[in-house]
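For reference, the chains in residue letters:
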Amino acid sequence: MARTPTSLEAFFTSRADRELLGRFDAQSVPRHVAIIMDGNGRWASKRGLPRVLGHKAGAKAIKESIATAIELGIEFLTVYSFSSENWRRSVEEVSGLMNLFVEVLEAELDNLMREGVRVRVIGSDAGVPEPTMSAFHRTEQCTAPNTRLTLLVALNYGGRAEIAEAARALAEAVADGRLSPGEISEAAISEHLSTAGVPDPDLVIRTSGEMRISNFLLWQIAYAELWVTAVLWPDFKRGDLLRAVVDYQRRSRRFGGR
Ligand code: IPE
Ligand code: IPE
Ligand code: MG
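Just so you know, these numbers come straight off a predicted model, no measurement behind them.

Here we come to the site of ligand 2. Close to ligand 2 lie I36, M37, D38, Y80, S81, F82, S83, N86, R89, R206, R212 and S214. Within the contact set of ligand 2, an oxygen atom lies 3.2 Å away from a side-chain nitrogen or oxygen of D38. Contact distances for ligand 2 include 2.6 Å between an oxygen atom and a side-chain N or O atom of S214. Burial of ligand 2 by the protein chains amounts to 78% of its free accessible area of 390 Å². Counting residues per element, the shell around ligand 2 draws most heavily on strand β2 (residues 76-83), which supplies four residues. In the shell around ligand 2, the residues fall into four nonpolar, four polar and four charged.

Dropping the structure here:
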């Protein structure tokens, strides 16, 4: 449930945000927003800092987006935290990120509980260090009863690998005689993805100006609206998410019809 207009006004206090808020329609909020959080490295190098500090600043931006999503009445927020291709980075950066996940999940559990956020991790656990995986599993367990916002964290996630995995599961079901080939429908594939039960994203945001999908939710974003900003992820503030939503609300989604 979206907050009352008065609480939105308390949340969006700057003049620019207030102006955007005047164009926000609480009746047509995207149910699911997915974010490709890009630009942490550039944010850090602009300041002469190690990349890991860019990721740390990026974690704060996630916190701000969670709070904003709750205020706006968004039900599902998916954040791309580590792609299956990100293993190509230096050992230092990868292990810095894996440790940061543990640190942030532990530090934020109380807040997640207070705010009613349910965390779900999507992606493959293969190769993810055990302390990182167990921090996610603990957070998933504790936050399972929360219903205000579902936060899907894409960790070691790749869209193609996810589709291949679904194909494998369906092939096994056919081989075992539990399913006939004719029953392999779009719905059956959706049900075998890690996002089973979650509505497809309505809006995909990418920061740092790159205009690509980078193997994110390939199946699920078939008809999502895309919104790209030059803002680097650590600088992404509540007003940026509000702007994305307001712009989304002015799009005409046709799904192939007229
Ligand atoms: C996104 O920021 C975060 C992850 C991929 C983990 P980057 O680290 O890709 O930042 P840039 O693109 O190098 O600036
Ligand atoms: C996409 O960003 C992955 C995440 C945000 C986790 P990348 O920085 O890895 O994507 P490319 O390499 O620019 O396509
Ligand atoms: Mg990048």
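F24, I66, L72, L77, L155 and I205 are the most contacted members of the largest nonpolar core, which has 50 residues in total. Excluding its chain neighbours within four sequence positions, the residues that come into contact with I66 are L77, L112, E115, V117, L149 and L151.

Once that is clear, we can look at the domain arrangement of the protein. Partitioning the protein into structural domains gives domain 1 (32-115 + 122-157 + 199-208 + 225-250) and domain 2 (158-198). Facing the 10 residues of domain 1 at the interface are seven residues of domain 2. Of the roughly 620 Å² buried at the junction of domain 1 and domain 2 (both faces included), carbon and sulfur atoms supply 62%. For the domain 1 face of the interface with domain 2, the top three residues by lost area are I122, Y157 and P199, together amounting to 64%. Linking domain 1 with domain 2 are zero salt bridges. Per-element accounting of the side of domain 1 that touches domain 2 gives the leading share, three residues, to strand β4 (residues 149-157).

Note on backbone geometry: most residues besides glycine have negative phi, and most peptide bonds are trans. Although it is not a glycine, N156 sits at a positive phi angle of roughly 50 degrees. Here N156 shows up in strand β4. In this structure, S208 is a non-glycine residue whose phi angle is positive, near 75 degrees. Along the polypeptide, S208 turns up in the loop between β5 (203-206) and β6 (225-228).

By the secondary structure assignment, I122 is in strand β3 (residues 117-122). Of the residues examined, I122 reaches a relative accessible area of 1% and is grouped as buried. Along the sequence, I122 and E162 sit 40 residues apart, while their C-alpha atoms lie 9.4 Å from each other. Aside from chain neighbours lying at most four places away, what touches I122 is T78, L152, V153, A154, L155, Y157, S194, T195 and L217.

The subject of this paragraph is the sheet that holds β2. Sheets are built from strands paired through backbone hydrogen bonds, the pairs being either parallel or antiparallel. With parallel pairing, six strands are arranged side by side in an open sheet as β3-β4-β2-β1-β5-β6. Of all the strands in the sheet, just β3 and β6 have a single pairing partner and so form its edges. Here the strands of the sheet are splayed against their neighbours by 20 degrees on average, with no regard to which way each runs. Here β3 runs beside β4; their pairing, made up of six bridges, is parallel. Each bridged residue has a counterpart across the sheet, and for V117 the counterpart in β4 is L149. Here helix α4 (residues 51-72) sits on the sheet and contacts β1 (32-36), β2, β3 and β4; the angle it forms with β4, its principal contact strand, is near 145 degrees.

Topologically, S65 is positioned in helix α4. Among residues more than four places away in sequence, those in contact with S65 are I35, L77, W233, F236 and L241.

In the neighbourhood of ligand 1, 13 residues make up the surrounding shell, with D38, G41, R42, R51 and R89 lying closest. A distance of 2.9 Å separates an oxygen atom of ligand 1 from a polar side-chain atom of D38. Side-chain polar atom of R51 to an oxygen atom of ligand 1: 2.8 Å apart, as the coordinates give it. Calculation on ligand 1 without its partners gives an accessible area of 380 Å², and the protein chains cover 87% of this total. Looking at the shell around ligand 1, its residues break down into two nonpolar, six polar and five charged.

Conventions and cut-offs
- Residues numbered from 1 in each chain as written.
- Chains lettered and ligands numbered in written order.
- Predicted model: local features only at pLDDT ≥ 70, side-chain atom pairs only at ≥ 80, totals over all residues.
- Heavy atoms only, no water.
- Near = heavy atom within 4 Å.
- Polar contact = N/O pair within 3.5 Å; in protein donor to acceptor, adjacent residues only side chain to side chain.
- Areas by Shrake-Rupley, 256 points an atom, 1.4 Å probe, with all protein chains shown as cover.
- Helix = DSSP H or I, 4+ residues; strand = E, 2+ residues; numbered from the N terminus.
- Nonpolar A, V, L, I, M, F, W, Y, C, P; charged D, E, K, R; others polar.
- Core = buried A, V, L, I, M, F, W, Y, C linked by side-chain atoms within 4.5 Å.
- Buried < 20%, exposed > 50% of the residue type's maximum accessible area, 1.4 Å probe, protein only.
- Contact = heavy atoms within 4.5 Å.
- Domains from an automatic or database assignment.
- Buried area = accessible area lost by both parts, 1.4 Å probe.
- Salt bridge = Lys/Arg side-chain N within 4 Å of Asp/Glu carboxyl O.
- Pairing = 2+ DSSP bridges.
- Axes fitted to C-alpha atoms, helices over the stretch in contact; angles between N-to-C directions.

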